[in-house]
Amino acid sequence: MELYIGGYAQGKLNYVLKQTGIPMDKVIDALVLAERGISEEIGIVNHFHLFVRNCLREGKSPEDLVEAIIAGNPQLIIISDEVGNGIVPMEAEEREYRERLGRILCGLAEKALKVERIICGIGQRIK
Amino acid sequence: MMVLITGGSGSGKSAYAEKASVTLAGEGTLYYLATMQVYDEEGRKKIERHQRLRAGKGFQTIEQPVNITEVAAKMEDSRKTVLLECMSNLTANEMFSFSEIKQPDEVVEKIYKGIGLLKEKTDHLLIVTNNVFEDGITYDTATTDYLQALGKINEKLAEFADVVTEVVVGIPVPVKGCPVA
């Protein structure tokens, strides 16, 4: 598994497509993933943070679902926004989302063979 | 040695800071300066989580939500490593927990002085701060003043520090010098 993170609109997907050579039709959007689950041919999950947000909104445990997805797809490439670098939000739901996503990404980073952070479309390999 | 550790919410900066503190402390005494004030259940849970993380690592906890200069008198006179967590709480407490809101310059000056004194009294000082600067939202004056103060403090501390490390998804990324753990 590989993890690619960075701020909003930093060219993460473009960077990953270029680096890996994986075609666009092997990319699944996190919101579709939440509905349809994952099939064998999928190489990249984009907008992973929205998957976590959706799970929380629907009262599901994102940690359990993520674990199951990774177990079934050990080669998966995950792209996620980093959302923790701001003022702590007033709304409890928003705070919960930031914390849970942050911890999930820490867990994924630990398991990942490779972690890159993308800034202005440029990848910085941090693991 | 002085180490500044930054990162966002849920970035794993606390766990990393503890590991770095234990590494630096060796046989010396290890102190944890807790700055967070508890107002509600969420705060209590947060503190409990941090206490669980720290358990068994040999930290002696000193609660110091404001007036960091008072810490020196509460520590033993031995070799010591101090982990202060975190600067974003300390700054908020200094600014907002007195009868009137303090001016950012005053807060910056007070904290900077306090940290200078603390640094003299310790073998190793590790400070956790918080990257709260990248959400692109324009806030009210009080919050903007707070951001300005914390930004200035971070800038000064980073200049003063031997090592500055950003923690990203639990991974230490060098900003200044070489990460200690």
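Report on the accompanying structure. Since we're looking at a predicted model, the values are computed, not measured. Residue positions are given per chain, counting from 1 as you read along its sequence in written order. Chain letters and ligand numbers both follow the written order, the letters beginning at A and the numbers at 1. In keeping with the model being predicted, local features are shown solely for residues with a pLDDT of at least 70 and side-chain atom pairs are shown and tallied solely at 80 or more, while totals for entire chains, interfaces and linings include all residues. The side-chain figures draw on all heavy atoms in the structure; neither hydrogens nor water molecules are used.

1. Overview of the side chain of serine 80 of chain A
Structurally, the position occupied by serine 80 of chain A is in strand 4 (residues 77-81). Apart from residues lying up to four places away in sequence, serine 80 of chain A is in contact with Tyr4, Ile5, Gly6, Lys12, Phe48, His49, Leu101 and Leu105 of chain A. Only runs of H or I of at least four residues qualify as helices and only runs of E of at least two qualify as strands under DSSP, and these elements are numbered from the N terminus. Contacts were defined at the residue level, with two residues in contact if any of their heavy atoms lie within 4.5 Å.

2. Describing the packing of helix 3 (residues 48-57) of chain A against helix 4 (residues 62-72) of chain A
All names here are of chain A. Where helices are involved, their axes are fitted lines through C-alpha atoms of the stretch in contact, as for all axes, and angles between N-to-C directions lie from 0 to 180°. At a minimum axis separation of 9 Å, helix 3 and helix 4 run at an interaxial angle of 135°. Here helix 3 lies oblique to helix 4, going by the angle between them. Seen from helix 3, the contacting residues are Phe48, Phe51, Val52, Cys55 and Leu56; seen from helix 4, they are Pro62, Leu65, Val66 and Ile69. Our angle categories are set so that under 35 degrees counts as roughly parallel, over 145 as roughly antiparallel, 65 to 115 as roughly perpendicular, and the remainder as oblique.

3. Side note on the sheet that holds strand 4 of chain A
All names here are of chain A. Pairing between strands is defined by DSSP: at least two bridges between the two strands are required. Taking strand neighbours across the sheet as the criterion, the 6 strands line up as 2-3-4-1-5-6 in an open arrangement whose pairing is mixed. Unpaired on one side and paired on the other, strand 2 (27-29) and strand 6 (122-125) mark the two borders of the sheet. Across the sheet, the mean angle separating the axes of adjacent strands is 25° when strand polarity is ignored. Taken together, the 2 bridges between strand 3 (residues 44-46) and strand 4 define a ladder with parallel strand orientation. Counted as the bridge partner of isoleucine 44 is isoleucine 77 from strand 4. Together, strand 1 (2-6), strand 4 and strand 5 (114-119) form the strand contacts of helix 5 (residues 92-111), whose direction differs from that of strand 4 by roughly 150°.

4. Points about the interface of chain B and chain A
On the chain A side, the residues contacting the 24 residues of chain B number 21 residues. Both sides of the chain B and chain A interface together cover about 1700 Å² of buried area, and 54% of this is carbon and sulfur. By definition, the buried area sums, over both parts, the 1.4 Å-probe accessible area that each loses when the two are put together. Three residues, Ser9, Gly10 and Val169 of chain B, lead the burial of chain B against chain A; their summed loss comes to 33% of the area buried on that side. Between Lys or Arg on one side and Asp or Glu on the other, a salt bridge is scored when a side-chain nitrogen of the former is within 4 Å of a carboxyl oxygen of the latter. Taken together, chain B and chain A are joined by 3 salt bridges. Ionic pairing is found between glutamate 99 of chain A and lysine 46 of chain B, a salt bridge with its closest N-O pair at 3.3 Å. Distance and chemistry together define a polar contact, namely a pair of N or O atoms within 3.5 Å, with one atom able to donate a hydrogen and the other to accept it when in protein, and with adjacent residues in sequence counting only for side-chain atoms on both sides. At the junction of chain B with chain A, the criterion picks out 9 residue pairs in polar contact (both at pLDDT 80 or more). Breaking the side of chain B that touches chain A down by element, the ones donating at least two residues are helix 2 (41-54), helix 5 (141-160), strand 6 (163-168) and strand 7 (171-176) of chain B. Gly is placed with the polar residues, together with every amino acid not listed as nonpolar (Ala, Val, Leu, Ile, Met, Phe, Trp, Tyr, Cys and Pro) or charged (Asp, Glu, Lys and Arg). Within the side of chain B that touches chain A, the residues separate by chemical class into 9 nonpolar, 9 polar and 6 charged.

5. A look at the pattern of salt bridges
Using the criterion set out here, one finds 16 salt bridges over all chains in the structure. A salt bridge links glutamate 155 of chain B to lysine 152 of chain B; its shortest N-O distance comes to 3.9 Å. With glutamate 155 of chain B and lysine 152 of chain B both in helix 5 and 3 residues apart, the pair spans about one turn of that helix. Partly exposed describes any residue whose relative accessible area lies between the buried limit of under 20% and the exposed limit of over 50%, with all areas from a 1.4 Å probe on protein chains only and scaled to the type maximum. Judged by relative accessible area, lysine 152 of chain B falls into the partly exposed class, the value being 40%. If you follow the salt bridges from partner to partner, you end up with Glu63, Glu96 and Arg100 of chain A in one network.

6. As for unusual backbone geometry
Glutamate 85 of chain B connects to cysteine 86 of chain B through a cis peptide bond whose omega is -10°. Assignment of secondary structure puts cysteine 86 of chain B in the loop between strand 4 (80-85) and helix 3 (87-96). Phi is positive for alanine 9 of chain A, close to 55°, though the residue is something other than glycine. In this model, histidine 47 of chain A sits at a positive phi of 55°, which is unusual for a non-glycine residue. Positionally, histidine 47 of chain A belongs in the loop between strand 3 and helix 3.

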